[in-house]
Amino acid sequence: QVQLVEFGGGLVQTGGSLKPPCAASVINSGIIPMAWYRQRSGRQRELVANETVLPYSTNYEDAVKGRFTISRDNIKNTVCLQMNSLKPGDTAVYYCITGTLWGRGTQVTVSS
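All figures in this text were calculated on a predicted structure; none of them were measured in a lab.

Thresholds, definitions, all that
Residues numbered from 1 in each chain as written. Predicted model: local features only at pLDDT ≥ 70, side-chain atom pairs only at ≥ 80, totals over all residues. Heavy atoms only, no water. Helix = DSSP H or I, 4+ residues; strand = E, 2+ residues; numbered from the N terminus. Rg over C-alpha atoms; globule rule 2.2 N^0.38 Å. Buried < 20%, exposed > 50% of the residue type's maximum accessible area, 1.4 Å probe, protein only. Contact = heavy atoms within 4.5 Å. Lys, Arg positive; Asp, Glu negative; His and termini not counted. Charge placed at Lys NZ, Arg CZ, Asp CG, Glu CD. Pairing = 2+ DSSP bridges. Patch = residues over 30% accessible without salt bridge, like charges linked within 9 Å, V, L, I, M, F, W, Y side chains within 5 Å. Areas by Shrake-Rupley, 256 points an atom, 1.4 Å probe, with all protein chains shown as cover. Salt bridge = Lys/Arg side-chain N within 4 Å of Asp/Glu carboxyl O. Polar contact = N/O pair within 3.5 Å; in protein donor to acceptor, adjacent residues only side chain to side chain. Disulfide = S-S within 2.5 Å. Phe/Tyr/Trp six-rings, centres within 6.5 Å; stacked < 30°, edge-to-face > 60°. Lys NZ or Arg CZ within 6 Å of the ring centre and 35° of its normal.

Peer 1: I would appreciate a short explanation of the overall build of the chain in the present structure.
Peer 2: Looking only at helices and strands, the chain features zero helices and 11 strands. Along the chain direction, N to C, the helices and strands of the chain fall in the order β-β-β-β-β-β-β-β-β-β-β. The C-alpha radius of gyration of the chain comes to 13 Å, within 12% of the 13 Å expected for a compact globule of 112 residues. Looking at the chain as a whole, 41% of its 112 residues are labelled buried. Relative to all contacts within the chain whose residues are 6 or more apart in sequence, the contacts with residues 24 or more apart total 50%. For the chain, the centre of its 11 positive side-chain charges and the centre of its 7 negative side-chain charges are spaced 4 Å apart.

Right, here's the structure in full:
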């Protein structure tokens, strides 16, 4: 059984970057690909980025391409979602999922 712990995020001004949301697998057996979703106010939860394996690659939705980057540390079994050039529209709760296990979410707030 995997426990997925999220941390990071916070408050940042438009155009800036911040400590990225990260997710760490606790008591994990092997490397499991993860995906990142976000839920903005008044909207459904949406996919923003995900990993594929064999070979490893990362994929991004159009809204975040060129601005968000998945960063994985296999030794620490931690995956972060680096965010640059943030916009107010990026304000959301960001969730990581591996398999069917969701993290609790981290708040990212972008002020204008």
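Peer 1: Teacher, can you tell me more about the pairing of strand β1 (residues 3-7) here?
Peer 2: Side-chain positions along a regular strand alternate between the two faces of the sheet. Here β1 shows a clear split, with L4 and E6 buried on one side and none of Q3, V5 and F7 buried on the other. One ladder, built from five bridges, connects β1 with strand β3 (residues 22-26); its direction is antiparallel. Residue V5 lies in a different strand from β3, and its bridge partner there is A24.

Peer 1: Which parts of the structure should I look at to understand a nonpolar patch on the surface?
Peer 2: The grouping of V5, F7 and V26 at the surface amounts to a nonpolar patch, some 200 Å² of accessible area in total. By secondary structure assignment, the location of F7 is in strand β1.

Peer 1: I keep staring at the side chain of R67 and nothing clicks. Help me out?
Peer 2: Along the polypeptide, R67 turns up in the loop between β6 (57-60) and β7 (68-73). For R67, a relative accessible area of 10% gives the class buried. Among the polar contacts made by the side chain of R67, one reaches the side chain of D90 at a distance of 2.7 Å. Discounting residues that sit within four places of it in the chain, R67 has contacts with Q82, M83, N84, S85, L86, K87 and D90.

Peer 1: Before we go on, may I ask you to explain the environment of S41 in this structure?
Peer 2: Looking at the secondary structure, you find S41 in the loop between β4 (35-39) and β5 (46-52). Residues S41 and V26, spaced 15 residues apart in sequence, show a C-alpha to C-alpha distance of 30 Å.

Peer 1: What should I look at first to understand the state of the cysteines in this one?
Peer 2: Linking two cysteines covalently through their sulfur atoms gives a disulfide. Within this structure, the stated rule accounts for one disulfide. Through a disulfide, C22 is tied to C80; the S-S separation comes to 2.0 Å. Measuring handedness by torsion sign, the sulfur bridge of C22 and C80 sits at about 100° and is right-handed. Of this pair, C22 sits in strand β3 while C80 sits in strand β8 (residues 78-83), placing them 58 residues apart in sequence. Each member of the pair C22 and C80 is classed as buried. As a non-bridged cysteine, C96 has C22 as the owner of its nearest cysteine sulfur, 9.6 Å distant.

Peer 1: What's the story with the packing of aromatic side chains in this structure? I'm lost.
Peer 2: The relation between two aromatic rings is expressed through the spacing of the ring centres and the mutual angle of the planes. Under the criterion given, the structure shown has three aromatic pairs. Here the aromatic rings of Y37 and W102 are separated by 5.1 Å at their centres, their planes lie at 65°, and the arrangement is edge-to-face. You can see Y37 sitting in strand β4 and its partner W102 sitting in strand β10 (residues 101-102), a full 65 residues away along the chain. We classify W102 as partly exposed; its relative accessible area is 33%. In this structure an aromatic cluster arises from ring pairing among Y37, Y95 and W102. Above the plane of the ring of W102 lies R45, whose end atom (NZ or CZ) is 4.6 Å from the centre.

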